[in-house]
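# Summary of structural features
Listed below are the residues making up each chain.
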Amino acid sequence: MSPSPQHPARDTIPLGDIELHDNYLPALLGGDYRVEVTHALRAGQDDNAPVVGGTFTAVQNFTVRAPQVAIGSVAVVAMQPPDASSGRFAEVLPHVVLGDPMLPWERTVEGAPAGTPWLALLVVTDDQLVGGTTSPTRTISGTVGDFLASDAAVLKPELRVEADIGDADPCAYIQVAAEEFRAVAPRLDELRFLAHCRAANTGDRPILGLQEDGLFAVVVANRFPADAPPGSTTATKNIVHLVSLEGHEKILVDDPDFQGRMSVALLSMASWSFWAYPDLQADFADLAEGLTRTPDGVQAGREDMWLRLASPYPDTDATPAAQRQVARRLNDGYVPLPYLTRSGESTYGWYRGPLTPVMPVATARAAQATTADALLGYDPAWGSFDVSLATAFETGRALAVADSAFAQHLLAFKHAARHLVDTLYHQATSNHLPPDGDQQQGPRTARAAFGALLDGDLLTALGTAPGRPDTPWSPPAPAAPPADATRALEEFLQSDTTRAVLATALADGDGLAEHFAPIAQWLGRLMLLYPVPFTHLVPEEPMLPKESLRFFHVDPSWLDALISGALSIGAQSSRDTLQDQIVAATVRAAAARVAAAHRDTVRGGTPGDVTGGDDLGSAARPVSGLLLRSALVSGWPNLAVRAGGPCGAPLPVLRMDHLAPSVLLCLFDGLPATVELREPQEGFRFGVEDHGLIPLRNMLPPRPPANLRLGEQIGTDVTFPVLDHLRPGTSGRILNIGSLIPALQAALDAAHGTTVGAVGPADLAMQMVKVPEAIRFTGPNGD
């Protein structure tokens, strides 16, 4: 089905809040439909008048497409517990978050009321599955024809395949032992409580190519994971499958008839596995706490959280001068790298990328450089080179040359600018037309002069007899060439008039505007370091070890050198270089505006006001950020990252992207006073606290005397024993929804002192939620 319209939840819900809904029902369920229209023409106005010519009939068959045998991996936003993770998950109900908020309700479940999902989450162990031994999740890959083929040992679903699905289409399925299916499968009347729709603000999440309208569907399992007995150190493997129950409605009862089959085949839409330990191993809290420790387990200090190499020498007066120089360089974020001089000598050079641990000092020469050599630094006191800005220049130049589309736009832009300047220069030096801007003396171009002639009394002049001139005519003498033509052209290029005309032409046309926008877009992404190789950002792996979080400032001089290198291609003379410098400021300002609005543009929103103020990355408008390398990134791909300014207001996020499955890069517009990493609101966990209890939450609007908000805990001692309501006669801890819902409703009525109404899927989700965990980092002075 076509995607739903963008929901206002994406931006209107405050960060950290969520909305829960029972479901999100489509207007028309997926499946094959038939439209039949009949028309009868009668001989009179009376309904009993005879029909003339018989009844006309028109029939149209159509299919409302909805996933039936596969949903695709992009539909899954998050899985809890994360795939391949290990930890103390015995008290957590596994669940999956889907990017399509309608997906669980897009198909019909026979015999169930509207709002019943066709998808369910099964939690099983290896011994409960049959076949599929080559897959970690015991999934069997095949075709739709293979899956539906009759088998005397396997019960297949009574599935009516839609017209757009063929027998040769691929699918994945599992086979669950019949008695195990009876134990773990939800009953038909329980299904609606195991799925709900959730709305959340996505402004603090990485953009993962999703339809980010802020709405998500959530399917929750009815079984707690299996774990080893208390005192054991052995992990228990749990396998989770998101399965289709379409066609299996008859066996979703307490005493199903398996027709003598030994197993049940189910389509698997998504699957993953995790390991449950009796003791805490690697959940969100442990991983987040690990970020605050050094590799040897010691509590990290503030100085240990910057992106840099650890210095082997102290920066103290007692340290020898050479070692102290090394310590200072390393503390400033530099790394020593091999360097080969132009004369062929091998030495080393100090390199620092754009991400620095110290507040960088901007230098104007980075934006004015025309070659990498002009940015090469040399320290004669220590005989060492600083290759940082030179590397940035060459990086920008190489990236520009490698992108043929950008190179073509840039060269066309420079050619058009040169042509415009030549035209302006000839107008300014010609004595055949009035000088530029002298409107009182007449037109300043030949075309304008001819147009003025046509606008005059041309016909009258043609009908008048020509008069005899009083003096002989002679052509005007050409203007004397300037004594220094090169100097005259430079002065003209640097004049305020030329700069003003070029600035106007960048927006209004003259062959510049059509190339200006693509150039600004490309350079805007370059300012956010999109195409820059990761080794240029983090040149040595020890700067960003496993399970680490590192903060940094963005060096504006490095960005200036990077842009200078990109703009340097196509310059063939000093005149080209001077011309490039004149338009560079306008180009850089446009690129900065693109960079500031990039994330809003990608998310499909309306960019804020980024036309005024200081340039992004300047000393007056600094950029900072963080690099996170952790299982938090791979386990929680929708991890929320929030930065707050000194006054508490959230800082705009310029970029938040996965550079690798376990590496996250965030750039902030400003210097944060606090940075918070939080489990995503649409991916938090369900489950119970210690002893199988859950704290009851308020379900009514605020009222005296407590004035509790919706969803706020009623009290620390107001709890409900969820584990008292497990399905009897099974080895696993499987919720008995039929017993749980009435008991929970009675407990909520008692806790509120009034009737709260029927408990629905969203209400159950709110009561079973485990509050998202978070870790906050603070700076002493907003740095």
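Cut-offs applied
Residues numbered from 1 in each chain as written. Predicted model: local features only at pLDDT ≥ 70, side-chain atom pairs only at ≥ 80, totals over all residues. Heavy atoms only, no water. Helix = DSSP H or I, 4+ residues; strand = E, 2+ residues; numbered from the N terminus. Buried < 20%, exposed > 50% of the residue type's maximum accessible area, 1.4 Å probe, protein only. Contact = heavy atoms within 4.5 Å. Pairing = 2+ DSSP bridges. Axes fitted to C-alpha atoms, helices over the stretch in contact; angles between N-to-C directions. Parallel < 35°, antiparallel > 145°, perpendicular 65-115°, else oblique. Left-handed = near helix turned anticlockwise from the far one by under 90°. Nonpolar A, V, L, I, M, F, W, Y, C, P; charged D, E, K, R; others polar. pLDDT = per-residue confidence, 0-100. Phe/Tyr/Trp six-rings, centres within 6.5 Å; stacked < 30°, edge-to-face > 60°. Lys NZ or Arg CZ within 6 Å of the ring centre and 35° of its normal. Core = buried A, V, L, I, M, F, W, Y, C linked by side-chain atoms within 4.5 Å. Patch = residues over 30% accessible without salt bridge, like charges linked within 9 Å, V, L, I, M, F, W, Y side chains within 5 Å. Areas by Shrake-Rupley, 256 points an atom, 1.4 Å probe, with all protein chains shown as cover. Salt bridge = Lys/Arg side-chain N within 4 Å of Asp/Glu carboxyl O. Expected span 1.5 Å × (residues − 1). Polar contact = N/O pair within 3.5 Å; in protein donor to acceptor, adjacent residues only side chain to side chain.

The next subject is the overall build of the protein. Regarding its fold elements, the protein presents 19 helices and 32 strands. Counting every position in the protein, which comprises 783 residues, the buried fraction comes to 48%. In the protein, of all internal contacts separated by at least 6 residues, the share reaching a separation of at least 24 is 75%.

Both faces of the sheet carry side chains from a regular strand, because those side chains alternate between them. The side-chain alternation of strand β10 (residues 140-143) yields one buried face, formed by Ile140 and Gly142, and one unburied face, formed by Ser141 and Thr143. Relative to strand β12 (residues 170-177), β10 runs antiparallel, the two being bridged by 4 bridges. Looking across to β12, one finds that Gly142 is bridged to Cys171.

In this section: the packing of helix α7 (residues 388-402) against helix α15 (residues 556-567). It is at 6 Å that the axes of α7 and α15 come closest, and there the two elements cross at 40°. For the element pair α7 / α15, the angle class is oblique. Judged by the twist between their axes, the crossing of α7 over α15 is right-handed. For the pair formed by α7 and α15, the contact residues are Ser388, Leu389, Ala392, Phe393, Thr395, Gly396, Arg397 and Ala400 on the first element and Ser557, Trp558, Ala561, Leu562, Ser564, Gly565 and Ala566 on the second. Residues that form the contact of α7 with α15 fall into these classes: 8 nonpolar, 6 polar and 1 charged.

A word on the confidence of the model for the protein. Of the residues in the protein, 83% have a pLDDT of 70 or more, and the chain-wide mean is 84. Note on residues 1-5: pLDDT under 50 across the span, and 11 contacts to partners over four residues away in sequence or across chains. Long-range and interchain partners of residues 608-613, a stretch whose pLDDT sits below 50, account for 6 contacts in this model, where long-range means more than four residues apart.

Let's shift gears to the environment of Tyr313. Mapped onto the fold, Tyr313 is located in the loop between α4 (284-290) and α5 (321-331). Distance in space between the C-alpha atoms of Tyr313 and Arg324 is 6.8 Å, their sequence separation being 11 residues. Leaving out residues up to four positions away in the same chain, Tyr313 has contacts with Thr319, Gln323, Val326 and Ala327.

Right, let's get into the packing of aromatic side chains. The final tally for this structure, using the stated rule, is 10 aromatic pairs. Judged by centre distance (5.6 Å) and plane angle (85°), the ring pair of Phe89 and Phe274 falls under edge-to-face. Here Phe274 lies in strand β16 (residues 263-276) and Phe89 lies in the loop between β5 (86-87) and β6 (92-93), a separation of 185 residues in the sequence. Phe274 matches Phe89 in its accessibility class, with the two residues each being buried. Considering the side-chain rings of Phe181 and Phe258, the 6.4 Å spacing of their centres and the 80° angle between planes classify their relative orientation as edge-to-face. Residue Phe181 is located in helix α3 (residues 178-184), and its partner Phe258 is located in the loop between β15 (236-244) and β16; the two are separated by 77 residues in the primary sequence. Each member of the pair, Phe181 as well as Phe258, is classed as buried. Note that Arg329 overlies the ring of Tyr334, its terminal NZ or CZ placed 4.7 Å from the centroid. Above the plane of the ring of Tyr530 lies Arg525, whose end atom (NZ or CZ) is 4.1 Å from the centre.

So, on to the pairing of β12. Of all 8 residues that make up β12, 6 are buried, and the element is covered over most of its length. Summarising the sheet, strand β9 (residues 129-130) and β12 pair through 2 bridges and their orientation is antiparallel. Its bridge partner being in β12, Leu129 is matched across the sheet by Val176. As judged from the 5 bridges shared by β12 and β16, these two strands associate in the antiparallel manner. Considered in β16, the bridge of Tyr173 is made with Leu267.

Leu523, Leu526 and Leu627 are the most contacted members of the largest nonpolar core, which totals 68 residues. Those residues within four positions of Leu526 in sequence are excluded, and the remaining contacts are Leu399, Pro531, Val532, Leu562, Ile563 and Ala566.

Turning our eyes to something else, we now look at a nonpolar patch on the surface. Together, Leu28, Val35, Val37 and Phe62 give the surface a local cluster of nonpolar side chains, amounting to about 300 Å² of exposed area. Structurally, the position occupied by Phe62 is in strand β3 (residues 51-64).

Turning our attention to α15. Residues spaced three or four apart along an α-helix face the same direction, because each turn holds 3.6 residues. Its 12 residues place the ends of α15 16 Å apart at the C-alpha level, agreeing with the 16 Å of an ideal helix rising 1.5 Å per residue. Counting buried positions along α15 gives 11 out of 12 residues, so the element sits mostly inside the fold. Considered for burial, the residues of α15 that qualify are Pro556, Ser557, Trp558, Leu559, Ala561, Leu562, Ile563, Ser564, Gly565, Ala566 and Leu567. Capping the start of α15, Asp555 holds a side-chain oxygen 3.0 Å from the backbone nitrogen of Ser557, two or three residues further along.

What follows is about the packing of helix α13 (residues 513-527) against α15. At a closest axis distance of 10 Å, the pairing of α13 and α15 adopts a crossing angle of 145°. Crossing angle aside, the handedness with which α13 passes α15 is right-handed. For the pair α13 and α15, contact is made by Trp522, Leu523, Leu526 and Met527 and by Leu559, Leu562, Ile563, Ala566 and Leu567, respectively. Its residues assigned to classes, the contact of α13 with α15 shows 9 nonpolar, no polar and no charged.

A few words now on the sheet that holds strand β26 (residues 663-669). Taken in spatial order, the 5 strands line up as β19-β22-β23-β26-β25 in an open sheet, and their pairing is antiparallel. A single partner strand is all that each edge strand has here, and the edge strands are β19 (355-356) and β25 (653-660). Here β25 runs beside β26; their pairing, made up of 6 bridges, is antiparallel. Across the sheet, the residue bridging to Met656 is Cys666, located in β26.

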